[in-house]
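Each chain, letter by letter, is given below.
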Amino acid sequence: MISQAITALRRQGTLALVGIGGQATFDIMTVMTKGLRIRGVIEGDARPAEFIPHLIALHREGRLPLHDIITEFPFAEIERAAQAASAGRVIKPVLRFG
């Protein structure tokens, strides 16, 4: 997937790697000759002190419908939650304790 993304980038494009792990193999010459940038993104690179209040304000205004995004699962069903997310059946699985 990363190799395909690199191939799809235009000259001097940027590939942001989000939520992945493991190792990747790609053609360094493609990166060099196209002047590409590859960077990791942590937590959306947001500043939590600013971003979280912004999200709360959006939710209060009705512009961030969390009830449509979140699907709750009991912690005992963690594997089912992971499978549902992987299959694209849920957007954001949230595990409940107790």
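Scroll up for the structure.
Here the residue numbering is sequential within each chain, running from 1 through the sequence in written order. Under the rules for a predicted model, residues below a pLDDT of 70 receive no local features and side-chain atom pairs below 80 are neither given nor counted, while totals for whole chains, interfaces and linings still include all residues. Heavy atoms from the whole structure form the basis of all side-chain values; hydrogens and water molecules are not counted.

Student: For this particular structure, what's the right way to read the overall build of the protein?
Tutor: Where helices and strands are cited, they refer to DSSP runs of H or I of at least four residues and of E of at least two residues respectively, numbered from the N terminus. Within the protein one finds five helices and four strands. For this measure, only C-alpha atoms enter the radius of gyration; the expected value for a globule follows 2.2 Å times N^0.38, where N is the number of residues. Taken against the 2.2 N^0.38 rule, which gives 13 Å for 98 residues, the C-alpha radius of gyration of the protein at 18 Å runs more than 25% over that of a compact globule. By principal-axis analysis of the C-alpha atoms, the protein measures approximately 50 × 30 × 20 Å. Within the protein, the proportion of its 98 residues that are buried is 15%. Any two residues whose heavy atoms approach within 4.5 Å are treated as being in contact. Once local pairs closer than 6 in sequence are excluded, the contacts in the protein between residues at least 24 apart make up 25%. Each accessible area value is a Shrake-Rupley result obtained with a 1.4 Å probe; residue values ignore everything except the protein chains displayed when judging cover. Carbon and sulfur atoms make up 57% of the accessible area of the protein, which totals about 8,000 Å². Positive and negative charge centroids in the protein, built from 12 and 9 side chains respectively, lie 8 Å apart. Only protein chains enter the accessibility calculation, which uses a 1.4 Å probe; a residue whose area is less than 20% of its type maximum is buried, one above 50% is exposed, and one in between is partly exposed. Only four residue types enter the tally: Lys and Arg on the positive side, Asp and Glu on the negative side, with His and both chain ends excluded. A charge is said to be at NZ when it belongs to Lys, at CZ for Arg, at CG for Asp and at CD for Glu.

Student: Please explain the packing of aromatic side chains as it appears in this structure.
Tutor: Any two aromatic rings considered together are summarised by their centre-to-centre distance and by the angle between their planes. The aromatic pairing rule takes the rings of Phe, Tyr and Trp, using the six-membered ring of Trp, and pairs them if the centres are within 6.5 Å, calling planes under 30 degrees apart stacked, those over 60 edge-to-face and the rest tilted. With the rule as written, the count across this model stands at one aromatic pair. Their ring planes at 25° and their centres at 4.7 Å tell us that Phe75 and Phe97 sit as a pair that is stacked. Here the residue Phe75 occupies a position in the loop between β3 (70-74) and α5 (78-86), and Phe97 occupies one in the segment after β4 (92-96), the gap between them amounting to 22 residues. When its relative accessible area of 65% is taken as the criterion, Phe97 is described as exposed.

Student: What am I meant to see in a nonpolar patch on the surface here?
Tutor: Residues qualify for a patch when their relative accessible area is over 30% and they have no salt bridge, like charges being joined within 9 Å and the nonpolar side chains of Val, Leu, Ile, Met, Phe, Trp and Tyr within 5 Å. Each reported salt bridge corresponds to a side-chain nitrogen of Lys or Arg within 4 Å of a carboxyl oxygen of Asp or Glu. On the surface, Ile28, Met29 and Met32 cluster together into a nonpolar patch covering about 340 Å² of accessible area. Mapped onto the secondary structure, Met29 falls in helix α2 (residues 28-34).

Student: Would you mind showing me how to read the pairing of strand β1 (residues 14-18) here?
Tutor: Consecutive side chains along a regular strand alternate between the two faces of the sheet. At least two bridges found by DSSP between two strands are what make those strands a pair. Here five bridges tie β1 to strand β2 (residues 37-41), and the two strands are oriented parallel to one another. Each bridged residue has a counterpart across the sheet, and for Leu15 the counterpart in β2 is Ile38. By convention, a crossover is right-handed whenever its connection, traced from the first strand over the helix to the second and viewed with the strands pointing away, goes clockwise. The parallel pair β1 and β2 is bridged by α2, and the resulting crossover is right-handed.

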